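Structure at a glance
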Amino acid sequence: AVVSTQSTGEHKAGDGSKWRKKKKKKRGQRVKEMKEEAQSKIHSPTTNLDGDVEIDWKTEGIEKSNPTYYIFNKIFDRFKLPDPEPEGLPPVENLVKHEKQKEEEKRKDEEAKRIDEEEKKDDEEEEEQGAKISRKKLRRMNRLTVAELKQLVSRPELVEMHDVTARDPRLLLHLKATRNTVQVPRHWCFKRKYLQGKRGIEKPPFNLPDFIKKTGIMEMRETVQSSEQQKSLKSQM
């Protein structure tokens, strides 16, 4: 009985190993078939087209109602596919046309360069002019005129010619217009110093008024001075 059970167990184990091997073979065949199908799909063309069929590629345009039509139209024109040239034209005419296109492109490039150079020159000239202007000229340019200052002030009759050159002309006119203000003497703006013109004029001697002369004080002073002159130095000390 023991031998029979062992034989039946070995028989079952042998059947199981055979079944597994068959299963592995079937799985390997399936994998191979799937790989072959995938490779055939990759290499085979997706569309079956005849040799006589011609494909026309057309680029879509933008609607003119769109506000950005003219901006994008220039950009899309550069990326458009060139129109096929007519077959009837001879090669000489094609060459002439190609040369004309080249000349037009060169002319456009030259015009663009010329415009850029002119703009650069204008910018440089403006910068040079701005650099040449001194501070004195800038002050004069930003300075108010006498007429404009009179319009801005409550009392225009006080405005003088040199008030415009003040640091704050409105404040100066406000101080002038206030009550009990003493004006600066007129000779401050003169180039000559004060009383410089009277240097060569001789001053007359001082004369006493008549009512003092009548008292006889002049004779008394003369007698005193003469007596003092006659005295010696020791007596004067």
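Structure shown above.
Within any chain, residue numbers begin from 1 and follow the written order of that chain's sequence. In keeping with the predicted nature of the model, local features appear solely for residues at pLDDT of at least 70, side-chain atom pairs appear and are counted solely at 80 or more, and the whole-chain, interface and lining totals rest on all residues. With hydrogens and water stripped out, all remaining heavy atoms of the structure feed into the side-chain values.

1. Thoughts on the overall build of the protein
How we decide: Elements are defined by DSSP. Helices are runs of H or I of four residues or more, strands are runs of E of two residues or more, and each kind is numbered from the N terminus. Accessible area is worked out with a 1.4 Å probe on protein chains only. A residue is then buried under 20% of its type maximum, exposed over 50%, and partly exposed in between. Computed with the Shrake-Rupley method and a 1.4 Å probe, the accessible areas treat only the protein chains shown as cover for residues.
Each helix and strand counted, the protein has nine helices and zero strands in total. The N-to-C order of helical and strand elements in the protein reads α-α-α-α-α-α-α-α-α. Looking at the protein residue by residue over its 237 residues, the buried ones come to 4%. In the form shown here, the protein has an accessible surface area of approximately 24,600 Å², with 54% of it arising from carbon and sulfur atoms.

2. A few points about a positive patch on the surface
What counts, and what does not: The patch calculation keeps residues exceeding 30% relative accessible area without a salt bridge and links them within 9 Å when they carry like charges or within 5 Å when they are nonpolar (Val, Leu, Ile, Met, Phe, Trp, Tyr). Salt bridges are defined by distance alone: a side-chain nitrogen of Lys or Arg within 4 Å of a carboxyl oxygen of Asp or Glu. Lys and Arg are tallied as positive, Asp and Glu as negative. Neither His nor the chain termini are counted. Here the site of a charge means NZ on Lys, CZ on Arg, CG on Asp, or CD on Glu.
A contiguous patch of positive charge on the surface is contributed by Lys 18, Arg 20, Lys 21, Lys 22, Lys 23, Lys 24, Lys 25, Lys 26, Arg 27 and Arg 30. Take Lys 21: it is sitting in helix α1 (residues 2-43).

3. With respect to the nonpolar core
Rules: The definition of a nonpolar core used throughout is a set of buried Ala, Val, Leu, Ile, Met, Phe, Trp, Tyr and Cys residues joined through side-chain atoms within 4.5 Å. We call two residues in contact when some of their heavy atoms are within 4.5 Å.
Of all hydrophobic cores here, the largest spans six residues; its members are Leu 149, Val 153, Leu 158, Val 159, Val 164 and Leu 173. Excluding residues that lie within four positions of it along the chain, Leu 158 makes contacts with Asp 163, Leu 173, Lys 176 and Ala 177.

4. Things to note about the side chain of Asp 163
As for its placement among the helices and strands, Asp 163 is situated in the loop between α5 (146-152) and α6 (169-177). When residues no more than four places from it in sequence are discounted, the contact partners of Asp 163 are Leu 149, Leu 158, Pro 169, Leu 172, Leu 173 and Lys 176.

5. Considering the pattern of salt bridges
In this structure the tally under the stated criterion is six salt bridges. Residue Arg 155 is joined to Glu 157 by a salt bridge in which the shortest nitrogen-to-oxygen separation is 3.1 Å. Salt bridges sharing partners connect three or more residues here, namely Glu 160, Asp 163, Lys 176 and Arg 186.

6. Focus on unusual backbone geometry
The backbone phi angle of Asn 180 is positive, close to 60°, even though this residue is not glycine. Structurally, Asn 180 can be placed in the loop between α6 and α7 (210-213). Using a relative accessible area of 74% as the deciding quantity, one classes Asn 180 as exposed.

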